Amino acid sequence: MVKLTMVARVTDGLPLAEGLDDGRDVPDADFYKQQAKSLFKNLSMGQIDASRMSVETGPYIFHYIIEGRVCYLTMCDRSYPKKLAFQYLEDLKNEFERVNGSQIETAARPYAFIKFDTFIQRTKKLYQDTRTQRNITKLNDELYEVHQIMTRNVQDVLGVGEKLDQVSQMSSRLTSESRIYADKARDLNRQALIRKWAPVAIVIGVVILLFWAKNKIW
């Protein structure tokens, strides 16, 4: 069955639409949605160059297609036919381009096309039951083959981005720690100067005080 559906702009990973009721029967749905957003992020950074791919994650599998500036992604059970999943995405792509194609580049906020959920839900229902005559016909349709579409593991696909994030985090941490060390070094230098010159300052102060007291007495 189709579990999640998301649409995002490839150039910056901005989410444009998604199935609002999706994920209710998926344990840890937020975790998988975050993985989908990480896929969009990697696509926007050019770390994934395949325009069509299946990505295995736990008991599910992501399928996505990229057309023009938009990525259409769905997550299904592993047992769900790959061919139906990609035909479902093709249907979404055709309608999204028809209705919103001229506004994709100008969208400035996340989920600018949230009303597309109506079409997502209606289309998803058509693809849920693989045993309907409609879907059996689609499975037998040789005009759309998916044998050449690559299937990869989500850790392999997201690994590059995660490593880059780790390097970035490490760099930020080192910068922060270097500032802390610099502040501590200044404090230590200040304390060293105080320890070095404090006795001298005390002696000078005592001498001045004695000199002043002597002048007062005389």
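What counts and how
- Residues numbered from 1 in each chain as written.
- Predicted model: local features only at pLDDT ≥ 70, side-chain atom pairs only at ≥ 80, totals over all residues.
- Heavy atoms only, no water.
- UniProt positions renumbered as here; feature names shortened; annotations may be inferred.
- Helix = DSSP H or I, 4+ residues; strand = E, 2+ residues; numbered from the N terminus.
- Buried < 20%, exposed > 50% of the residue type's maximum accessible area, 1.4 Å probe, protein only.
- Contact = heavy atoms within 4.5 Å.
- Core = buried A, V, L, I, M, F, W, Y, C linked by side-chain atoms within 4.5 Å.
- Salt bridge = Lys/Arg side-chain N within 4 Å of Asp/Glu carboxyl O.
- Expected span 1.5 Å × (residues − 1).
- Patch = residues over 30% accessible without salt bridge, like charges linked within 9 Å, V, L, I, M, F, W, Y side chains within 5 Å.
- Areas by Shrake-Rupley, 256 points an atom, 1.4 Å probe, with all protein chains shown as cover.
- Pairing = 2+ DSSP bridges.
- Axes fitted to C-alpha atoms, helices over the stretch in contact; angles between N-to-C directions.

Named according to an unreviewed UniProt entry, the protein is 25.3 kDa vesicle transport protein SEC22-1 originating from Nicotiana tabacum. The record in UniProt for the protein states the following under Sequence similarities (unreviewed entry): "Belongs to the synaptobrevin family."

Novice: So what about the overall build of the protein? Which residues, and what values?
Specialist: Within the protein, the regular secondary structure consists of five helices and six strands. For the protein, the α and β elements follow one another from N to C terminus as β-β-α-β-β-β-α-α-α-β-α. Out of the 218 residues in the protein, the part that is buried amounts to 39%. Partitioning the intrachain contacts of the protein with sequence separation of at least 6 by distance along the chain shows that 66% fall at a separation of at least 24.

Novice: Please set out the nonpolar core residue by residue, giving values where relevant.
Specialist: If you look at the biggest cluster of nonpolar residues, it comprises 26 residues, and the most contacted ones within it are L16, Y72, L92 and F96. Elements that contribute at least two residues to this core include exactly β1 (2–9), β2 (15–18), β5 (70–77), α2 (82–100) and α3 (117–128). A total of seven residues in this core trace back to one element, the largest contributor, which is α2. Each residue touching L16, except ones within four places of it in the same chain, is listed here: V7, A8, R9, V70, F96, I104, A107, Y111, A112, F113 and I114. Formed by 25 residues, the second largest nonpolar core is a distinct cluster that contains A8, A29, I48 and M75.

Novice: Talk me through the pattern of salt bridges; I want residue IDs and the actual numbers.
Specialist: Pairing between side chains of opposite charge can happen when their charged atoms approach one another. Tallying each qualifying case throughout the model produces 14 salt bridges. The partner of D77 in a salt bridge is K3, and the shortest N-O contact between them spans 4.0 Å. Note that D77 is positioned in strand β5 and K3 in strand β1, a separation of 74 residues in sequence. Taking relative accessible area as the criterion, K3 reaches 8% and is therefore assigned buried. For R98, the salt bridge is made with E95, and the minimal N-O distance between the two is 2.7 Å. On the criterion of helical spacing, the pair formed by R98 and E95 is a turn pair, its members being three residues apart in helix α2. For R98, a relative accessible area of 61% gives the class exposed.

Novice: Before we move on, can you summarise α3 with the specific residues and values?
Specialist: In this model, α3 (twelve residues) spans 16 Å end to end at C-alpha, consistent with the 16 Å of a helix rising 1.5 Å per residue. The complete set of buried residues in α3 reads D117, F119, I120, Q121, T123, K124 and Y127. Among the structural elements, β1, β2, α2 and α4 (133–140) are those in contact with the buried residues of α3.

Novice: Requested: an account of a nonpolar patch on the surface, with residues and values cited.
Specialist: Taken together, the side chains of L193, W197, V200, I204 and I208 define a hydrophobic patch exposed on the protein surface, amounting to about 500 Å² of accessible area. Residue position: W197 is located in helix α5 (residues 154–217). Using a relative accessible area of 47% as the deciding quantity, one classes W197 as partly exposed.

Novice: Describe the sheet that holds β1, listing the residues and the values that go with them.
Specialist: Taken together, the six strands give an open sheet; going across it, the order is β2-β1-β5-β4-β3-β6, and neighbouring strands pair in mixed fashion. Strand pairing shows two members of the sheet lacking a second neighbour, β2 and β6 (150–153), which therefore form its edges. On average, each strand axis in the sheet is inclined to that of its neighbour by 20°, with strand direction left out of account.

Novice: Got a sec to walk through helix α1 (residues 29–44)? Specific residues and values, please.
Specialist: Between the first and last C-alpha of α1 there are 23 Å, a value that for 16 residues agrees with the 22 Å anticipated at 1.5 Å per step. Of all the residues in α1, the buried ones are A29, Y32, K33, Q35, A36, L39, F40, N42 and L43. Directly beyond the C-terminal end of α1, a positive phi value near 75° is found at G46.

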